Amino acid sequence: QQQVKQSPQSLIVQKGGISIINCAYENTAFDYFPWYQQFPGKGPALLIAIRPDVSEKKEGRFTISFNKSAKQFSLHIMDSQPGDSATYFCGAGNNRKLIWGLGTSLAVNP
Amino acid sequence: KAGVTQTPRYLIKTRGQQVTLSCSPISGHRSVSWYQQTPGQGLQFLFEYFSETQRNKGNFPGRFSGRQFSNSRSEMNVSTLELGDSALYLCASSLVSDISTYGYTFGSGTRLTVV
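Remember, it's a predicted structure, so these values are computed and weren't measured experimentally.

### So, the overall build of chain A
- Scanning chain A from N- to C-terminus turns up zero helices and 11 strands.
- When the helices and strands of chain A are read in sequence order from the N terminus, they spell out β-β-β-β-β-β-β-β-β-β-β.
- Relative to the 2.2 N^0.38 estimate, which gives 13 Å for 110 residues, the radius of gyration of chain A is 13 Å and therefore close to what a compact globule would have.
- Seen along its three principal axes, the alpha-carbon backbone of chain A occupies a region of about 40 × 30 × 20 Å.
- In chain A, which comprises 110 residues, the proportion classed as buried is 42%.
- A separation of at least 24 residues holds for 52% of the contacts in chain A among residues at least 6 apart in sequence.
- If the 11 positive side-chain charges of chain A are averaged to one point and the 7 negative ones to another, these points end up 5 Å apart.

Structure representation (structure tokens):
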């Protein structure tokens, strides 16, 4: 079964630091790679997404870096804030179906 | 604008029983997908409905079924519950079936516990 491997499983960062979460996929046909953010008691919410025709996409403090040849992509959270403490999921797939990583629990210490 | 509404929020059922979960998507959204979320398996896709038709199905046994009504509201049913069915069930709506255009909007989920 196709997998998306997400690491690390958990991450602790100091306020103002950079949080980095990585994902690796297997299927070279995948062309859509979103990141979702989930707070306790809530469903995941779309944070940012990228297509393989670009190597980087930035939205505010959140950046996706994409390496097509390595089949890897990562989420960078700059100037991490306590309000960013949540679980982050990467997805890989196409316009009809996604396979998800198992999530990264991020804690940002004040 | 109301979000995706899932009812009930919490449910406790006994092994062998059946359960029906409900999802009301965002107004105007025609696609509804269902996911099972567990700590060990993460988000597992169950099925997707678009205009009352099942468009896509995940690798779950036939005990898991769903349907969509003409107003886009959706229900999923699990029959003959097993302990392993304990999970958070998430409903996700999207404007169109192409999730890469607008992404999913998830509800807060129904926490099902099977005892």
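### Some points on the environment of B:Leu81
Residue and element names in this part refer to chain B.
- Tracing the backbone shows Leu81 in the loop between strand S8 (74–78) and strand S9 (87–94).
- By relative accessible area, Leu81 is classed as buried at 1%.
- Each residue touching Leu81, except ones within four places of it in the same chain, is listed here: Lys13, Thr14, Arg15, Gly16, Gln17, Gln18, Val19, Arg63, Leu112 and Val114.

### Quick notes on the sheet that holds strand S1 (residues 4–7) of chain A
Residues and elements named next belong to chain A.
- Pairing is antiparallel across the open sheet formed by five strands, whose spatial order is S1-S3-S8-S7-S6. If you trace the sheet from one side to the other, it starts and ends with S1 and strand S6 (56–59), each paired once. Taken pair by pair, the neighbouring strands of this sheet meet at an average axis angle of 15 degrees, ignoring direction.
- In this sheet, strand S3 (residues 19–25) lies alongside S1 in antiparallel orientation, the contact comprising four bridges. Residue Ser7 lies in a different strand from S3, and its bridge partner there is Asn22.

### As for the state of the cysteines
- The full count for this structure, using the stated rule, is two disulfides over all chains.
- A sulfur-sulfur separation of 1.9 Å characterises the disulfide bridge that pairs A:Cys23 with A:Cys90. Judged by the sign of its S-S torsion, about -95 degrees, the cystine formed by A:Cys23 and A:Cys90 is left-handed. Highlighted residues: A:Cys23 in strand S3 and A:Cys90 in strand S9 (residues 86–93), separated in sequence by 67 residues. Each member of the pair, A:Cys23 together with A:Cys90, is buried.
- Disulfide pairing is shown between B:Cys23 and B:Cys91; the S-S distance is 1.8 Å. On the sign convention where negative is left-handed, the bridge of B:Cys23 and B:Cys91, at about -55 degrees about the S-S bond, is left-handed.

### Here's the deal with the interface of chain B and chain A
- Taken together, the contact pairs 24 residues of chain B with 18 residues of chain A.
- Where chain B abuts chain A, roughly 1700 Å² becomes buried across the two surfaces, and 49% of that area is made up of carbon and sulfur atoms.
- Of all residues in chain B, B:Leu43, B:Ile99 and B:Ser100 give up the largest surface area on contact with chain A, accounting jointly for 28% of the area buried on that side.
- The interface formed by chain B and chain A holds one salt bridge in total.
- Run the count over chain B and chain A and you get eight residue pairs in polar contact (both at pLDDT 80 or more).
- Mapped onto the side of chain B that touches chain A, the elements with two or more residues apiece are strand S4 (31–38), strand S5 (42–50), strand S6 (53–57), S9 and helix H1 (99–102) of chain B.
- Per-element tally for the side of chain B that touches chain A: the top contributor is S5(B), with four residues.
- A class-by-class count of the residues in the side of chain B that touches chain A yields nine nonpolar, 11 polar and four charged.

### As for the nonpolar core
- Core analysis: the biggest nonpolar cluster contains 24 residues, and A:Tyr25, A:Phe33, A:Trp35, A:Phe73, A:Leu75, A:Tyr88 and A:Leu106 have the highest contact counts within it.
- Among the secondary structure elements, those contributing two or more residues to this core are strand S2 (10–14), S3, strand S4 (33–38), strand S5 (45–50), strand S7 (62–67), strand S8 (72–77), S9 and strand S11 (104–109) of chain A.
- Tallying contributions element by element places S9(A) first for this core, with four residues.
- Leaving out residues up to four positions away in the same chain, A:Tyr25 has contacts with A:Gln3, A:Val4, A:Phe30, A:Phe33, A:Phe66, A:Lys68, A:Lys71, A:Gln72, A:Phe73 and A:Ala92.
- Ranked by size, the runner-up nonpolar core spans 21 residues in total, among them B:Ile26, B:Leu46, B:Phe64 and B:Leu112.

### Structural notes on the side chain of A:Ser80
- Note that A:Ser80 resides in the loop between S8 and S9.
- Not counting residues within four places of it along the chain, the set of residues in contact with A:Ser80 comprises A:Val13, A:Gln14, A:Lys15, A:Gly16, A:Gly17, A:Ile18, A:Ser19, A:Arg61 and A:Val108.

Conventions we followed
Residues numbered from 1 in each chain as written. Chains lettered and ligands numbered in written order. Predicted model: local features only at pLDDT ≥ 70, side-chain atom pairs only at ≥ 80, totals over all residues. Heavy atoms only, no water. Helix = DSSP H or I, 4+ residues; strand = E, 2+ residues; numbered from the N terminus. Rg over C-alpha atoms; globule rule 2.2 N^0.38 Å. Buried < 20%, exposed > 50% of the residue type's maximum accessible area, 1.4 Å probe, protein only. Contact = heavy atoms within 4.5 Å. Lys, Arg positive; Asp, Glu negative; His and termini not counted. Charge placed at Lys NZ, Arg CZ, Asp CG, Glu CD. Pairing = 2+ DSSP bridges. Axes fitted to C-alpha atoms, helices over the stretch in contact; angles between N-to-C directions. Disulfide = S-S within 2.5 Å. Buried area = accessible area lost by both parts, 1.4 Å probe. Salt bridge = Lys/Arg side-chain N within 4 Å of Asp/Glu carboxyl O. Polar contact = N/O pair within 3.5 Å; in protein donor to acceptor, adjacent residues only side chain to side chain. Nonpolar A, V, L, I, M, F, W, Y, C, P; charged D, E, K, R; others polar. Core = buried A, V, L, I, M, F, W, Y, C linked by side-chain atoms within 4.5 Å.

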